[in-house]
Amino acid sequence: MDNKAERILQTSVKYPTAEAEIKVILNAVNARSVVYQHIMQQIKNDDIFVISSPISQTVSFAEANINRVSVFEMSGKAKKMISQVGEEISSYLFK
């Protein structure tokens, strides 16, 4: 039995009524960093599903925090990233 199948079996025995799937969102991503590349390789090796919309580091998050507003009240990359994550999560929940 492969690693993923074994984990699913263990989960179904421990939580017999659970039908949840685990999906990972990467936060504070710098896609050009070596660390990120290593993390992505390890996640791939472990057969862990990562949504395709990572949340990268951007000034918009800090500005929103300082100004005590939501990133949705600002224009910038953060608003777009959070919207994309929300849309992707929705697509898994309501398929």
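Residues numbered from 1 in each chain as written. Predicted model: local features only at pLDDT ≥ 70, side-chain atom pairs only at ≥ 80, totals over all residues. Heavy atoms only, no water.

> Just checking my understanding: could you explain a nonpolar patch on the surface for this structure?
There is a patch of nonpolar side chains on the surface, built from Ile25, Ile89, Leu93 and Phe94 and spanning about 410 Å² of accessible area. Along the chain, Leu93 turns up in helix H4 (residues 77-93). (Patch = residues over 30% accessible without salt bridge, like charges linked within 9 Å, V, L, I, M, F, W, Y side chains within 5 Å. Areas by Shrake-Rupley, 256 points an atom, 1.4 Å probe, with all protein chains shown as cover. Salt bridge = Lys/Arg side-chain N within 4 Å of Asp/Glu carboxyl O. Helix = DSSP H or I, 4+ residues; strand = E, 2+ residues; numbered from the N terminus.)

> Please explain the packing of aromatic side chains as it appears in this structure.
To describe a pair of aromatic rings, one takes the distance between the centres and the angle between the planes. What the rule picks out here adds up to 1 aromatic pair. With a centroid separation of 5.6 Å and 85° between ring planes, the pair formed by Phe49 and Tyr92 is classed as edge-to-face. Separated by 43 residues along the polypeptide, Phe49 in the loop between helix H2 (34-45) and strand E2 (55-56) and Tyr92 in helix H4 bring together distant segments of the chain. Tyr92 gets classed as partly exposed once you look at its relative accessible area, which sits at 27%. (Phe/Tyr/Trp six-rings, centres within 6.5 Å; stacked < 30°, edge-to-face > 60°. Buried < 20%, exposed > 50% of the residue type's maximum accessible area, 1.4 Å probe, protein only.)

> Explain unusual backbone geometry here, please?
Its identity is not glycine, yet Asp47 carries a phi of approximately 60°, on the positive side. Mapping Asp47 onto the fold places it in the loop between H2 and E2. Residue Arg68 is not a glycine yet carries a positive backbone phi of 55°. Secondary-structure assignment places Arg68 in the loop between helix H3 (59-67) and H4. On the basis of relative accessibility, which here comes to 78%, the residue Arg68 falls in the exposed class.

Function cannot be inferred from these measures alone, as they are strictly geometric.
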